[in-house]
Amino acid sequence: MNDDVRNIVLGLVATAVSASLGWLARIFLWHRRLRREQAFFGLPQHAEALLVVNRDPAATEPAVHRYDVFALLELSALIKECGAHAEVATQDTVRQGFGERTEFCVGGPASNRRTAAHLSAMLPGVRITTDPEPVAERGTFRIGAQRYRMERGASEYVLLARVTTEGQARPVFLFCGQSAITNQAATRYLARHHARLARRYGDGTFVLLLRVLNSGAYGPDVVELVADVTRAARGPLPEPEPEPEPAGSA
């Protein structure tokens, strides 16, 4: 074997070794990313997740708003990515506790009684106005001492939460918005940023307040993070300040 042939053979061997190492590195990184994603969502391979569907409060018959359907599709893609399976249940048919399997709960307390139960049990510092009157206060968030009123189509809020309790094996994800389009915005935000959220919060609880801007023009795509409201949402709701006494009263 002359020097030229030997150099060609060595070059081919080096290329093959480099390609193999690169392929193994990509596989390793992909598996590590998948394991982190599965841990964040509480969805190991072949696990089962529960998708709790709300109802459209504007419909006379039981129905799901189209934006909430889009939200479910976003979540189904995430579940499939983890190698898990999804079961879909309506908000009025779920009769079980939480923690046995990962739960994705879509919609606010006015359209999803399951969300109302989770807020009461796990996020006592959150109150959402569900009364139809006065119209200006409908859907207003009260988180701790702060209030967030909806301006439909211009500035709308949604809570994105990952909640666990002591001894709970699987998390509950809440997408609790002031309108159906904000529910989809929250699921899309989770799909885009779950890796960053996993690095920051790990497998712990977080509650994020998001604002959807100009949904009438941009749909669910323009979203900004307003604040991490975990502490206020997990704590007790402050007592309302007493009304001032009329002047001249004893």
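Look up: the structure comes first, before these words.
Counting restarts for each chain: residues are numbered from 1 in the order of the written sequence. Only residues with pLDDT of at least 70 get local features here, since the model is predicted, and only at 80 or more are side-chain atom pairs given and counted; chain-wide, interface and lining totals rely on the full set of residues. To get the side-chain values, take all heavy atoms of the structure and skip hydrogens and water.

Outline the nonpolar core, supporting the account with residue identities and numerical values.
The tendency in soluble globular proteins is for nonpolar side chains to be buried side by side. Put simply, a nonpolar core is a bunch of buried Ala, Val, Leu, Ile, Met, Phe, Trp, Tyr and Cys residues held in one set by side-chain atoms that sit within 4.5 Å of each other. Only protein chains enter the accessibility calculation, which uses a 1.4 Å probe; a residue whose area is less than 20% of its type maximum is buried, one above 50% is exposed, and one in between is partly exposed. Membership of the largest hydrophobic core comes to 31 residues, with the highest contact counts inside it found for Phe41, Leu43, Phe104, Phe175 and Leu190. Put simply, the parts of the chain that give this core at least two residues each are α1 (3-41), β1 (48-53), α2 (66-81), β3 (103-106), β7 (155-163), β8 (172-177), α4 (180-201) and β9 (206-213). A run of DSSP states H or I qualifies as a helix once it reaches four residues; a run of E qualifies as a strand once it reaches two. Both are numbered from the N-terminal end. Considering each element in turn, this core owes the most residues, seven residues, to α4. Throughout, a contact is declared for two residues whenever any of their heavy atoms are within 4.5 Å. What Leu190 contacts, discounting residues up to four positions off in sequence, is Phe40, Phe41, Leu75, Leu78, Leu160, Phe173, Phe175 and Leu197.

Kindly report on the packing of α2 against α4, identifying the contributing residues and their values.
For every element, the axis is a line fit to its C-alpha atoms; helices are fit only across the contacting stretch, and the angle between N-to-C directions ranges from 0 to 180 degrees. Taken N-terminus to C-terminus, the directions of α2 and α4 make an angle of 20°; their axes are 7 Å apart at the nearest point. The orientation of α2 relative to α4 falls into the category roughly parallel. Along this stretch, α2 crosses α4, giving a crossing that reads as left-handed. Of α4, the residues touching α2 (which contributes Tyr67, Asp68, Phe70, Ala71, Glu74, Leu75, Leu78 and Glu81) are Ala180, Ile181, Asn183, Gln184, Thr187, Arg188, Leu190, Ala191 and His194. The residue inventory of the contact of α2 with α4, partitioned by class, reads nine nonpolar, four polar and four charged. Any angle from 65 to 115 degrees is called roughly perpendicular, while one under 35 is roughly parallel, one over 145 is roughly antiparallel, and all others are oblique. Crossing handedness follows the turn of the near helix against the far one: under a right angle anticlockwise gives a left-handed crossing, and clockwise gives a right-handed one. Following the grouping adopted for this structure description, the nonpolar residues are Ala, Val, Leu, Ile, Met, Phe, Trp, Tyr, Cys and Pro, the charged ones are Asp, Glu, Lys and Arg, and the polar ones are all others, Gly among them.

Would you mind going over the pairing of β1 in detail, with residue names and values included?
Most of β1 sits out of view: five of its six residues are buried. Direction of pairing for β1 relative to strand β2 (residues 85-90): parallel, over a ladder of six bridges. Paired with Val53 across the bridge in β2 is Thr90. Whether two strands pair comes down to DSSP finding at least two bridges between them. Where β1 lies against β3, three bridges are found, and the strand directions are parallel. Across the sheet, Leu50 pairs through a bridge with Glu103, a residue of β3.

Summarise the packing of aromatic side chains; cite the residues concerned and give the values.
Only the six-membered ring of Trp is used, alongside the rings of Phe and Tyr, when aromatic pairs are assigned; centres must lie within 6.5 Å, and planes under 30 degrees apart are stacked while those over 60 apart are edge-to-face, with the rest tilted. According to the stated counting rule, one finds nine aromatic pairs in the structure shown. Judged by centre distance (6.2 Å) and plane angle (10°), the rings of Phe40 and Phe206 are stacked. Taken together, the residues Phe40 in helix α1 and Phe206 in strand β9 connect sequence positions 166 residues apart. There is no split in this pair, since Phe40 and Phe206 are both buried. Arranged with centres 5.2 Å apart and planes meeting at 10°, the rings of Phe104 and Phe173 form a pair that is stacked.

Could you give me a rundown of the sheet that holds strand β6 (residues 146-148), with the residues and numbers involved?
Read from one edge of the open sheet, three strands run β4-β5-β6, paired in antiparallel fashion. Of all strands in the sheet, those bounded by a partner on one side alone are β4 (126-128) and β6. This sheet shows a mean twist of 15° between the axes of neighbouring strands, independent of strand direction. Here strand β5 (residues 141-143) runs beside β6; their pairing, made up of three bridges, is antiparallel. Within β6, the residue paired with Ile143 across the bridge is Gln146.

Account for the sheet that holds β2, with residues named and values stated.
Spatially, β2-β1-β3-β8-β7-β9-β10 is the arrangement adopted by the seven strands of the open sheet, whose pairing is mixed. The open sheet has two edge strands, β2 and β10 (223-228), and neither has a second partner. Going from strand to strand, the sheet's axes swing by 20° on average, the running direction of each strand aside. In terms of strand pairing, β9 meets β10 through five bridges, oriented antiparallel. From the neighbouring strand, Val212 faces β10, where its bridge partner is Val223.

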